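Examination of the molecular architecture
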Amino acid sequence: MNMPPATKADKKATVDAAAWMFNIVTSVGIIMVNKALMATYGFSFATTLTGLHFATTTLMTFVLKWMGYIQASHLPVAELLRFILFANFSIVGMNVSLMWNSVGFYQIAKLSMIPVSCFLEVVLDKMRYSRDTKLSIGLVLLGVAVCTVTDVSVNAKGFIAAFVAVWSTALQQYYVHYLQRKYSLGSFNLLGHTAPGQATSLLLLGPFVDYWLTNKRVDAYEYSLISVMLVILSCTIAVGTNLSQFICIGRFTAVSFQVIGHMKTILVLILGFLFFGKEGLNLHVILGMIIAVAGMVWYGNASSKPGGKERRIPAIPINKSQKTDGLSESTEIDGKV
């Protein structure tokens, strides 16, 4: 019996699911590796480590260009610098926010990225959300808050750090989608433009930022074979994490990326309990997980319905200087990945 050929919608759904799984697996993997590296082996240089991540990603883009998977494309220098500014403020801001705030307030700040991303889409893209979509987002926020928010204390400098981190992260994620649409850039192309600048700036500034945050010097760290292997593993997984983030935001939006992305938070809690044994899965954490997953399922259903999430104006015009089929070609490459 012959199977009916897969429709375009079926193929898109398959690629979408694969993109989400790619992002979830690599993101959870890098969190667990970094947790082992920092908690067990005392490598607390998060900004420098991120610079190494982007250096490895840059090497990957060079190899892909040499192999012909990344075609020549154009991104204005002003747009590139703006993106790097948002991205680096996001990275440094998150690290500073974690140091200056309680874990509870840090988690609340991370949750606030969804409302901020919604605000950016409503103001800049004229996006409109249905009532069910709004309620499902609220349910996800409630569930993750129940899972992660414990002690909550805030101070002036911690609030400022969290404010900068949240807005810069939301702007960086919005900009990923914006640049891909406007300049017909696929995930590979955009990474090829942005990764070298981020790697250079973070490797130059990272050691100084880490010394300011931890009062420790990265060059004075006592490296062991295991810690070096963990750094290499972290950098390798980071290539997939960076690429999958661009693929997911390019295929969806920053809000969808944030909402469904909280599945990673739940998996990290579960794996942290299994591998590290310090974070207990008590009743209110399990309840929060159930609420959050229910909210994610509801969001996926509500936002996919007609009127669930739609623009009130035409989409961002594609830059005429790019090939008109450039985005579709890049999307096909992303799908193969």
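As shown above, the structure is provided for reference.
To start, this report covers the structure provided alongside it. Nothing here was measured: the structure is a model prediction, and the numbers come from that model.

So, on to the overall build of the protein chain. Helix and strand counts for the protein chain come out as twelve helices and two strands. Secondary structure elements of the protein chain, listed N to C terminal, follow the sequence α-α-α-α-α-β-α-α-α-α-α-α-β-α. Burial statistics for the protein chain: of 337 residues in total, 48% are counted as buried. Considering only contacts in the protein chain between residues 6 or more positions apart, those separated by 24 or more positions represent 89%. For the protein chain, the accessible surface area stands at approximately 16900 Å², while carbon and sulfur atoms represent 70% of it.

For the pair helix H2 (residues 46-67) and helix H3 (residues 77-100), the least separation of the axes is 10 Å and the interaxial angle reads 150°. The pairing of H2 with H3 is recorded here as roughly antiparallel in orientation. Like other packed secondary-structure pairs, H2 and H3 cross with a definite hand, here right-handed. Only Ile91, Val92 and Asn95 of H3 make contact with H2, whose side of the interface consists of Ala46, Thr47, Thr50 and Phe54. Residues of the contact of H2 with H3, tallied by class, amount to four nonpolar, three polar and no charged.

Attention now goes to the environment of Ser187. Locating Ser187 in the fold gives a position in helix H8 (residues 187-214). Once the C-alpha coordinates of Ser187 and Gly250 are considered, the two residues, 63 residues apart in sequence, prove to be 7.2 Å apart.

Turning next to a nonpolar patch on the surface. A surface patch of nonpolar side chains, about 670 Å² in accessible area, is lined by Leu85, Phe89, Val154, Phe159, Ile160, Phe163 and Val164. Breaking the nonpolar patch down by element, the ones donating at least two residues are H3 and helix H7 (156-182). Counting residues per element, the nonpolar patch draws most heavily on H7, which supplies four residues. Here Leu85 shows up in helix H3. Accessibility expressed as a relative area gives 46% for Leu85, which makes it partly exposed.

In terms of nonpolar packing, the biggest core is built from 60 residues, with Ile137, Leu179 and Val259 touching the most fellow members. The greatest single-element share of this core, amounting to nine residues, is contributed by H7. Residues contacting Ile137, with those up to four places away along its chain left out, are Ile114, Cys118, Val255, Val259 and Tyr299. Counting residues in each nonpolar core, the second largest holds 13 residues, with Val33, Leu37, Val218 and Ala238 among its members.

Moving on, we come to the pattern of salt bridges. Scanning the entire structure with this criterion turns up four salt bridges. As a salt-bridge pair, Lys182 and Glu79 come within 4.0 Å of each other at their nearest N and O atoms. Taken together, the residues span a long stretch of sequence, with Lys182 in helix H7 and Glu79 in helix H3 at a distance of 103 residues. Lys182 gets classed as partly exposed once you look at its relative accessible area, which sits at 23%. When its relative accessible area of 7% is taken as the criterion, Glu79 is described as buried. The residue Arg131 makes a salt bridge to Asp132 at a minimum N-O spacing of 3.6 Å. A relative accessible area of 60% means that Arg131 is categorised as exposed. Within the structure, one salt-bridge network assembled from shared partners comprises Glu79, Arg82 and Lys182.

Within the fold, Val77 resides in helix H3. Measuring from C-alpha to C-alpha, the distance between Val77 and His193 comes to 9.6 Å, with 116 residues separating the pair along the chain.

As a further point, take the packing of aromatic side chains. In total, this model carries twelve aromatic pairs according to the counting rule given. For the ring pair Phe86 and Tyr175, a centre distance of 5.7 Å and an interplane angle of 90° mean the geometry is edge-to-face. Taken together, the residues span a long stretch of sequence, with Phe86 in helix H3 and Tyr175 in helix H7 at a distance of 89 residues. Here Trp100 and Trp212 contribute two aromatic rings whose centre-to-centre distance is 5.6 Å and whose plane-to-plane angle is 90°, an arrangement assigned as edge-to-face. Placement of the pair is Trp100 in helix H3 and Trp212 in helix H8, with a sequence separation of 112 residues. Its relative accessible area of 24% is what places Trp100 among the partly exposed residues. Grouped by ring-pair contacts, the aromatic residues Phe43, Phe45, Tyr221 and Tyr223 constitute a single cluster. Directly above the aromatic system of Trp100 lies the positively charged group of Lys157, at a separation of 4.8 Å from the ring centroid.

What counts as what
- Residues numbered from 1 in each chain as written.
- Predicted model: local features only at pLDDT ≥ 70, side-chain atom pairs only at ≥ 80, totals over all residues.
- Heavy atoms only, no water.
- Helix = DSSP H or I, 4+ residues; strand = E, 2+ residues; numbered from the N terminus.
- Buried < 20%, exposed > 50% of the residue type's maximum accessible area, 1.4 Å probe, protein only.
- Contact = heavy atoms within 4.5 Å.
- Areas by Shrake-Rupley, 256 points an atom, 1.4 Å probe, with all protein chains shown as cover.
- Axes fitted to C-alpha atoms, helices over the stretch in contact; angles between N-to-C directions.
- Parallel < 35°, antiparallel > 145°, perpendicular 65-115°, else oblique.
- Left-handed = near helix turned anticlockwise from the far one by under 90°.
- Nonpolar A, V, L, I, M, F, W, Y, C, P; charged D, E, K, R; others polar.
- Patch = residues over 30% accessible without salt bridge, like charges linked within 9 Å, V, L, I, M, F, W, Y side chains within 5 Å.
- Salt bridge = Lys/Arg side-chain N within 4 Å of Asp/Glu carboxyl O.
- Core = buried A, V, L, I, M, F, W, Y, C linked by side-chain atoms within 4.5 Å.
- Phe/Tyr/Trp six-rings, centres within 6.5 Å; stacked < 30°, edge-to-face > 60°.
- Lys NZ or Arg CZ within 6 Å of the ring centre and 35° of its normal.

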